[in-house]
Amino acid sequence: MIVSIDEAKEWLRVDHNDEDNMIQMLIKAAEKYLKNATGNEFDSSNELAQLFCLVLIADWYENREMIGKVSEKIRPTIDSILAQLSYCYELQEGDTS
């Protein structure tokens with residue numbers, strides 16, 4: 001797990017539990033997106049992976065009509081972080097950091 005529900009809710013500034021199921025789904029989708037895009041698995045020890053997931057979760061949360069897509073507003077940020085996570089973190093087999 002890269003991002004906890006509490007971390008995501010803090011980032012989103014959500015202080016209620018009404019949307020916990022949706023936020024948890026966004027967390028799982030963001031983590032899967034990162035794995036699919038990089039071929040690597042990360043965990044909460046990688047701050048750049050955490051930031052990537054939080055930015056993506058916030059974008060999807062705020063633009064619910066675009067679920068599955070990244071808004072043009074954050075596309076450069078997402079692309080830059082993905083490039084770093086793809087090429088700067090060559091993981092050894094079994095390593096999840």
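Criteria and cut-off values
- Residues numbered from 1 in each chain as written.
- Predicted model: local features only at pLDDT ≥ 70, side-chain atom pairs only at ≥ 80, totals over all residues.
- Heavy atoms only, no water.
- Buried < 20%, exposed > 50% of the residue type's maximum accessible area, 1.4 Å probe, protein only.
- Helix = DSSP H or I, 4+ residues; strand = E, 2+ residues; numbered from the N terminus.
- Arc of directions from axis to C-beta.
- Contact = heavy atoms within 4.5 Å.
- Lys, Arg positive; Asp, Glu negative; His and termini not counted.
- Salt bridge = Lys/Arg side-chain N within 4 Å of Asp/Glu carboxyl O.
- Polar contact = N/O pair within 3.5 Å; in protein donor to acceptor, adjacent residues only side chain to side chain.
- Phe/Tyr/Trp six-rings, centres within 6.5 Å; stacked < 30°, edge-to-face > 60°.

Our next topic: helix α1 (residues 5-12). Among all positions of α1, only A8, K9 and L12 are buried. Buried residues of α1, seen end-on, are gathered within an arc of 100° and therefore sit on one face of the element. Across α1 from its buried face, at more than 90 degrees, point the exposed residues D6 and E10. Looking at the buried residues of α1, the elements they touch are α2 (20-38) and α3 (47-62). Looking one or two residues past α1, R13 carries a phi angle of roughly 60°, positive in sign.

Mapped onto the fold, E31 is located in helix α2. Notably, E31 is buried but unbridged: the nearest opposite-charge side chain belongs to K28, and the N-O separation is 8.7 Å. Only 2.7 Å separates the side chain of E31 from the backbone nitrogen of I2, close enough to count as a polar contact. Setting aside chain neighbours within four positions, we find E31 in contact with M1, I2, V3 and C53.

Our focus in this paragraph is unusual backbone geometry. For residues besides glycine, phi is generally negative; the peptide bonds are generally trans as well. Located in the positive-phi region is R13, a residue other than glycine, with phi close to 60°. Along the chain, the position of R13 falls in the loop between α1 and α2.

A few words now on the pattern of salt bridges. As enumerated under the stated definition, the model contains four salt bridges in all. Taking the shortest distance from any N to any O, the salt bridge between K9 and D20 comes out at 2.9 Å. Taken together, the residues K9 in helix α1 and D20 in helix α2 connect sequence positions eleven residues apart. Residue R64 pairs with E19 through a salt bridge whose shortest N-O separation is 2.9 Å. Remark: E19 occurs in the loop between α1 and α2 and R64 occurs in the loop between α3 and α4 (75-87); sequence separation between them is 45 residues. The buried category is assigned to E19, whose relative accessible area is 19%.

Attention now moves to the packing of aromatic side chains. Under the counting rule described, the total for this entry stands at two aromatic pairs. With a centroid separation of 6.0 Å and 35° between ring planes, the pair formed by Y33 and F52 is classed as tilted. In this pair, Y33 is assigned in helix α2 and F52 in helix α3, connecting sequence segments 19 residues apart. We classify Y33 as partly exposed; its relative accessible area is 21%. On the basis of relative accessible area, F52 is assigned to the buried category, the value being 0%. When the centroid spacing of 6.0 Å and the interplanar angle of 70° are considered together, the rings of Y33 and W60 count as edge-to-face. Placement of Y33 in helix α2 and of W60 in helix α3 is noted, with a sequence separation of 27 residues between them. With a relative accessible area of 4%, W60 lands in the buried category. An aromatic cluster is built from Y33, F52 and W60, whose rings are joined through pairwise contacts.

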